[in-house]
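Coordinate analysis (summary)
Chain by chain, the residues:
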Amino acid sequence: GSAQASFACTLTAVSAGTVSVSTATFSATNVNTGGAVAVAANLAGTVEVLVQSPPLLRLIGLQASRTALSSGQTLQATLTASNAGGATANITRARLVFAGSQLTAGPQPVSVNLAAGQQTTFTFTVGTVGVGNTDITSAVLAATDSNSGRAVPISPPALTPVTVTVVSPPGFKIKTIVASK
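Report follows, based on the coordinates. What you see is a predicted model, and the numbers here were worked out from it, not measured in a lab.

Definitions and cut-offs
- Residues numbered from 1 in each chain as written.
- Predicted model: local features only at pLDDT ≥ 70, side-chain atom pairs only at ≥ 80, totals over all residues.
- Heavy atoms only, no water.
- Helix = DSSP H or I, 4+ residues; strand = E, 2+ residues; numbered from the N terminus.
- Rg over C-alpha atoms; globule rule 2.2 N^0.38 Å.
- 1 Å grid on protein atoms, 1.4 Å probe; cavity = no way out; pocket = protein on both sides within 12 Å on 5 of 7 lines; lining within 4 Å.
- Points joined across faces, edges and corners; volume = space filled by probe spheres on them.
- Nonpolar A, V, L, I, M, F, W, Y, C, P; charged D, E, K, R; others polar.
- Core = buried A, V, L, I, M, F, W, Y, C linked by side-chain atoms within 4.5 Å.
- Buried < 20%, exposed > 50% of the residue type's maximum accessible area, 1.4 Å probe, protein only.
- Contact = heavy atoms within 4.5 Å.
- Pairing = 2+ DSSP bridges.
- Axes fitted to C-alpha atoms, helices over the stretch in contact; angles between N-to-C directions.

The helix and strand inventory of the chain stands at zero helices and 13 strands. Mapped from its N terminus to its C terminus, the chain presents α and β elements in the order β-β-β-β-β-β-β-β-β-β-β-β-β. Taking 16 Å as the expected radius of gyration for a compact globule of 181 residues, we find that the chain reaches 30 Å, considerably beyond that expectation. Here the C-alpha coordinates of the chain stretch approximately 125 × 30 × 25 Å along the principal axes.

With a probe scaled to a water molecule rolled over the atoms, the places where space remains empty come into view. For the second largest pocket, the calculated volume is near 590 Å³. At the level of secondary structure, the elements contributing two or more residues to the lining of the second largest pocket comprise β1 (17-21) and β4 (47-51). With four residues, β1 is the largest single contributor of residues to the lining of the second largest pocket. In terms of residue class, the lining of the second largest pocket is made up of 14 nonpolar, seven polar and two charged.

So, about the nonpolar core. Counting residues in hydrophobic clusters, the biggest one holds 29 residues, and the most contacted among them are L79, I91, L96, F122 and L141. Among the secondary structure elements, those contributing two or more residues to this core are β5 (57-64), β7 (74-83), β8 (89-99), β10 (108-114), β11 (119-128), β12 (132-145) and β13 (162-167). Residues within four places of F122 in sequence aside, it is in contact with A77, T78, L79, A81, I91, A94, Q108, V110, V112 and L141.

A separate point is the sheet that holds β12. Paired through backbone hydrogen bonds, the strands of a sheet run either parallel or antiparallel to each other. Ordered by their spatial adjacency, five strands build an open sheet running β6-β13-β12-β8-β10, and the pairing between neighbours is mixed. Among the strands making up the open sheet, the edge pair consists of β6 (68-70) and β10. The sheet shows a mean angle of 35° between the axes of neighbouring strands, taken without regard to direction. Of the pairings in the sheet, the one linking β8 to β10 comprises five bridges and is antiparallel in character. Paired with A89 across the two strands is L114, which belongs to β10.

Everything listed here is a matter of geometry and, on its own, says nothing about what the molecule does.
Okay, here's the thing in structure tokens:
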């Protein structure tokens, strides 16, 4: 008689590129006699496997819609990120980093699949919580490699910080009211 079986194996990539898997070597032993069994030729076709380098996220731009505002107002900050790696990065969260305590913007849950060579922009609504100067210095992104599921690091940012000045809202006092008939 004859039998057919399927086998699975794990291959570990050592560099990016295309790999052709075309042959496999098997040996078999007859469990009844202990003797070697002839294995027919490999009839499977060639499998092409694309090995991608991991994603490489870079923060490439940081802007604010305005740099002076009164306490209680908001501004829009935009962050631009790019993927200089090979695989797609699945970005799930973005958060601004501040030097100072006059501004606030919570982390944003996002769902962005950033392919190799592409860029994307995140927009944050930034609120005020005090009076003074605060720098928007950078951002933190949470992302995974679409191929391996591993966390993706962000290359050191080369962003120019944006300084935002928050002042007290303008006010006035009425000193005297004169009534006339």
